[in-house]
Amino acid sequence: MKITDVKVHLVESWRKTRDIGSPWIFVQVYTDEGVVGLGDATNWPGGTIIAQSVEELGKLIIGEDPFHIEYLYHRMYYALEQIGQTGAVIAAVSGIEIALWDIVGKVTGQPIYNLIGGPCRDRIRFYSHASNPEECAALAEKGVTAIKAYFPADPMVKGERIDSPRSVTLREEKLALEHMRRCREAVGDDVDLCTDVGCRYTTSAAIRIGNRLEEIGLLFYEEPVHPENVDALARVTASVNVPVCVGERRYTRFGFRDLIAAQAVDMIMPDVVRTGGIMETKKIAAMAESYYMQVSPHNPNSALSTTASLHVMANIPNALVLEFVDEKWDAPWRDDLLTDPPVVESGYFRLPEKPGLGTELNMEVVEKYRFKG
């Protein structure tokens, strides 16, 4: 079997980033035996940049055996060493790598999680997003067992043209704490709460907010400061009694190595479409496991990235909970793009059972919502 072609499809999504369209990016890898692998390369913004990267990197694997995934990953990865191996280009590599695993699964008749070591669990827990206590309560009523509650916007903080770390006012601190208290009261003690502050604070402000959040009882405190400075992250982690979680802005095992080795966080959140794909995410999880860290993957994209994440989460021993964008926050055609979208049952995902990823693109829906730029 040989690879004959690589195609990329940009599809309208719900997301707009600074007025830039941010489409879902689906990858198809074709073979001379008629087997087509499906992958996801979505990141935002930058749909056309990633699509062009997929097309360029795809040329490197034409004529190769799709079973040689480790070799093909390294061939693409090291072709990028002069320009850098993160951001848009690693998203492209990820999409192709996932599609290769889909091919292998289809040919062997096995779901991907069986090909990488088999499942450690028979269902995958997830968390959904909420912006207020009422949304938290509604999710809990639906059976969701973990919720990420975002801080409310402070109307006094506006007019900034640059998103740089800033200090926190007493007013903002009280507003955030009261909001999280109300979210906790809305769901009780049986539902896990977490929050994401999106790297908005200075180190001292992140510590100050984090310590106030201890009484809420958080599953994790996401991205209190930017992840580039491992020492700053370690300082926050050592100074607060809520688990710190970071990883959506890190790429490949090399991007996670120092973070994990320094024990600068309590858990990590790699994104299967940003790390380099399925095997690279498994390798990152294995590094974290050796430091007794759990994995809660970043996953705000399409139903296909969710499906790919489910295969990884099924396999890794230290899986905790998977991010999942509830339908209220997403485009209504998200699941229609797949023949077999992920299935939710009582706050958990059912494992895919069909070979490969266990789904295909619905090309009629792709054409209906194809991204126009």
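Residues numbered from 1 in each chain as written. Predicted model: local features only at pLDDT ≥ 70, side-chain atom pairs only at ≥ 80, totals over all residues. Heavy atoms only, no water.

Colleague: Residues and numbers for the sheet that holds strand E1 (residues 3-11), please.
Modeller: Reading across from one edge, E1-E4-E5 is the order of the 3 strands in this open sheet, with antiparallel pairing throughout. Across the chains shown, the open sheet's two edge strands, defined by having one partner strand only, are E1 and strand E5 (36-40). For this sheet the average axis-to-axis angle between neighbouring strands, irrespective of direction, equals 20°. Relative to strand E4 (residues 24-31), E1 runs antiparallel, the two sharing 8 bridges. Considered in E4, the bridge of His9 is made with Phe26. (Pairing = 2+ DSSP bridges. Helix = DSSP H or I, 4+ residues; strand = E, 2+ residues; numbered from the N terminus. Axes fitted to C-alpha atoms, helices over the stretch in contact; angles between N-to-C directions.)

Colleague: So, the packing of helix H9 (residues 252-261) against helix H11 (residues 278-289): which residues are in play, and what are the values?
Modeller: Packed helix pairs are specified by the crossing angle of their axes together with the interaxial distance, meaning the distance between the axes. Closest axis-to-axis distance for the H9/H11 pair is 9 Å, and the angle between their directions is 10°. Overall, the two elements H9 and H11 adopt an arrangement that is roughly parallel. Note that H9 runs across H11; the crossing there is right-handed. Taken together, the residues of H11 that come into contact with H9 (itself represented by Thr252, Arg253, Phe256, Arg257 and Ile260) are Glu280, Lys283, Ile284, Met287 and Ala288. Grouping the amino acids of the contact of H9 with H11 by side-chain chemistry returns 5 nonpolar, 1 polar and 4 charged. (Parallel < 35°, antiparallel > 145°, perpendicular 65-115°, else oblique. Left-handed = near helix turned anticlockwise from the far one by under 90°. Contact = heavy atoms within 4.5 Å. Nonpolar A, V, L, I, M, F, W, Y, C, P; charged D, E, K, R; others polar.)

Colleague: Any chance you could break down unusual backbone geometry for me, citing the residues and the numbers?
Modeller: Comment: phi is negative for the bulk of residues other than glycine, and the bulk of peptide bonds are trans. A positive phi angle, near 60°, is found at Cys199, a position not held by glycine. In this fold, Cys199 is placed in the loop between strand E8 (192-196) and helix H7 (203-212). Here Cys199 falls in the buried class, since its relative accessible area comes to 2%. One non-glycine residue with positive phi stands out, namely Tyr292, at about 60°. (Buried < 20%, exposed > 50% of the residue type's maximum accessible area, 1.4 Å probe, protein only.)

Colleague: So what about the environment of Gln110? Which residues, and what values?
Modeller: Here Gln110 shows up in the loop between helix H3 (87-108) and helix H4 (112-115). The partly exposed category is assigned to Gln110, whose relative accessible area is 31%. Once residues lying within four places of it in the same chain are set aside, the contact partners of Gln110 are Gly105, Leu115, Pro355 and Gly356.

Colleague: So what about helix H1 (residues 47-58)? Which residues, and what values?
Modeller: When the terminal C-alpha atoms of H1 are compared, their 16 Å separation across 12 residues agrees well with the 16 Å that a helix rising 1.5 Å per residue should span. Of all the residues in H1, the buried ones are Gly47, Ile50, Ala51, Ser53, Val54, Leu57 and Gly58. Down the axis of H1, the buried side of the element spans an arc of 160°, and every buried residue falls inside it. Facing away from the buried surface of H1 by more than 90 degrees, the exposed residues are Thr48, Ile49 and Gln52. For H1, the secondary structure elements touched by its buried residues are E1, E4, helix H2 (69-79) and H3. (Expected span 1.5 Å × (residues − 1). Arc of directions from axis to C-beta.)

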